[in-house]
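# Coordinate inspection notes
Residue-level listing of the chains:
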Amino acid sequence: MKKRLALFASGSGSNAEKIADHFAGREDVEISLILSNNPKAGVIERARRLHIPVLLFDRPTFYQTDRITEMLQNQQIDLIVLAGFLWLMPASLVRAFDRRIVNIHPALLPKYGGKGMYGHFVHEAVVAAGEAESGITIHYVNEQYDEGAVIFQASCPVQPTDTPEDVARHVQVLEHRHFPEIVEKVLFGN
Ligand code: GAR
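Residues numbered from 1 in each chain as written. Predicted model: local features only at pLDDT ≥ 70, side-chain atom pairs only at ≥ 80, totals over all residues. Heavy atoms only, no water.

## What to know about the overall build of the protein chain
When helices and strands are counted, the protein chain shows seven helices and seven strands. Of the regular secondary structure in the protein chain, the N- to C-terminal order runs β-α-β-α-β-α-α-β-α-β-α-β-β-α. Radius of gyration (C-alpha) of the protein chain: 16 Å, near the 16 Å computed for a compact globule of 190 residues. Dimensions along the principal axes, computed over C-alpha positions, put the protein chain at roughly 50 × 35 × 35 Å. Counting all 190 residues of the protein chain, 48% fall into the buried class. Taking as baseline every contact in the protein chain between residues at least 6 positions apart, the subset at least 24 positions apart corresponds to 67%. For the protein chain, the accessible surface area stands at approximately 9600 Å², while carbon and sulfur atoms represent 50% of it. (Helix = DSSP H or I, 4+ residues; strand = E, 2+ residues; numbered from the N terminus. Rg over C-alpha atoms; globule rule 2.2 N^0.38 Å. Buried < 20%, exposed > 50% of the residue type's maximum accessible area, 1.4 Å probe, protein only. Contact = heavy atoms within 4.5 Å. Areas by Shrake-Rupley, 256 points an atom, 1.4 Å probe, with all protein chains shown as cover.)

Have a look at this one:
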């Protein structure tokens, strides 16, 4: 039976596009929907180009109703992937999709996670702390930011001369290389 993915993204959507590319032409996997809280997100244009339906939602709908959860259940979504999604997932959604929501974080959790730690803030903190390495963490999502069980990590060296932009570039290479294949593994339970 066909597996159905829903991707949540708040920004550019480069990871969402890599995941869509990875499964393009597959009979057994469908990217059913891309959801975003940000009407200006680059991911929306990417979704149009990829012919993937988009659902935009606002804060009251997300946190004060069960409409998003119900819609994902009605669409028989197997796995939710957070690909640069910056809002905390509501508890009711986490419960409804227990161990069926995965997130990517651009650092080696538990370091540099938590509220406000996203995108360039993460890379700035890594450089400011003089870390010798950074990387990516793919993990299940629970009701706290960046605290669910780790599924996969990969690291890259950080040179003393690296800027946050350099680190961001190296981390993005790891994200694009590993995220689609880890999503596939989780989706098929191996
Ligand atoms: C990615 O680097 C992802 O790890 C990060 O947002 C970026 C999205 O890039 N996520 C977080 O910081 C979550 N705390 P993209 O829009 O190009 O895929």
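## Considering the packing of aromatic side chains
The relation between two aromatic rings is expressed through the spacing of the ring centres and the mutual angle of the planes. Under the criterion given, the structure shown has twelve aromatic pairs. Arranged with centres 6.3 Å apart and planes meeting at 45°, the rings of Phe8 and Phe62 form a pair that is tilted. Of this pair, Phe8 sits in strand S1 (residues 3–8) while Phe62 sits in helix H3 (residues 59–64), placing them 54 residues apart in sequence. Sitting above the plane of the Trp87 ring, Arg59 keeps its charged end 4.3 Å from the centroid. (Phe/Tyr/Trp six-rings, centres within 6.5 Å; stacked < 30°, edge-to-face > 60°. Lys NZ or Arg CZ within 6 Å of the ring centre and 35° of its normal.)

## Regarding the pairing of strand S2 (residues 29–36)
Among the eight residues in S2, seven count as buried, and that is most of the element. With helix H1 (residues 14–23) bridging S1 and the parallel S2, this β-α-β connection has right-handed handedness. Looking at chain direction, S2 and strand S3 (residues 54–56) are connected through three bridges and run parallel. Each residue of the ladder has a partner; that of Ile34, found in S3, is Val54. (Right-handed = clockwise from strand over helix to strand, strands pointing away. Pairing = 2+ DSSP bridges.)

## Examining the sheet that holds S3
In space, the seven strands of this open sheet follow the order S3-S2-S1-S4-S5-S6-S7, with mixed pairing throughout. In this open sheet, the two strands that pair with only one neighbour each are S3 and strand S7 (150–157). Each neighbouring strand pair of the sheet contributes to a mean axis angle of 20°, computed without reference to strand direction. With six bridges joining them, S1 and S2 adopt parallel strand pairing. By the bridge assignment for S2, Leu5 is matched with Ile31. (Axes fitted to C-alpha atoms, helices over the stretch in contact; angles between N-to-C directions.)

Note that every value here comes from positions in space, so none of it alone points to a role or purpose.
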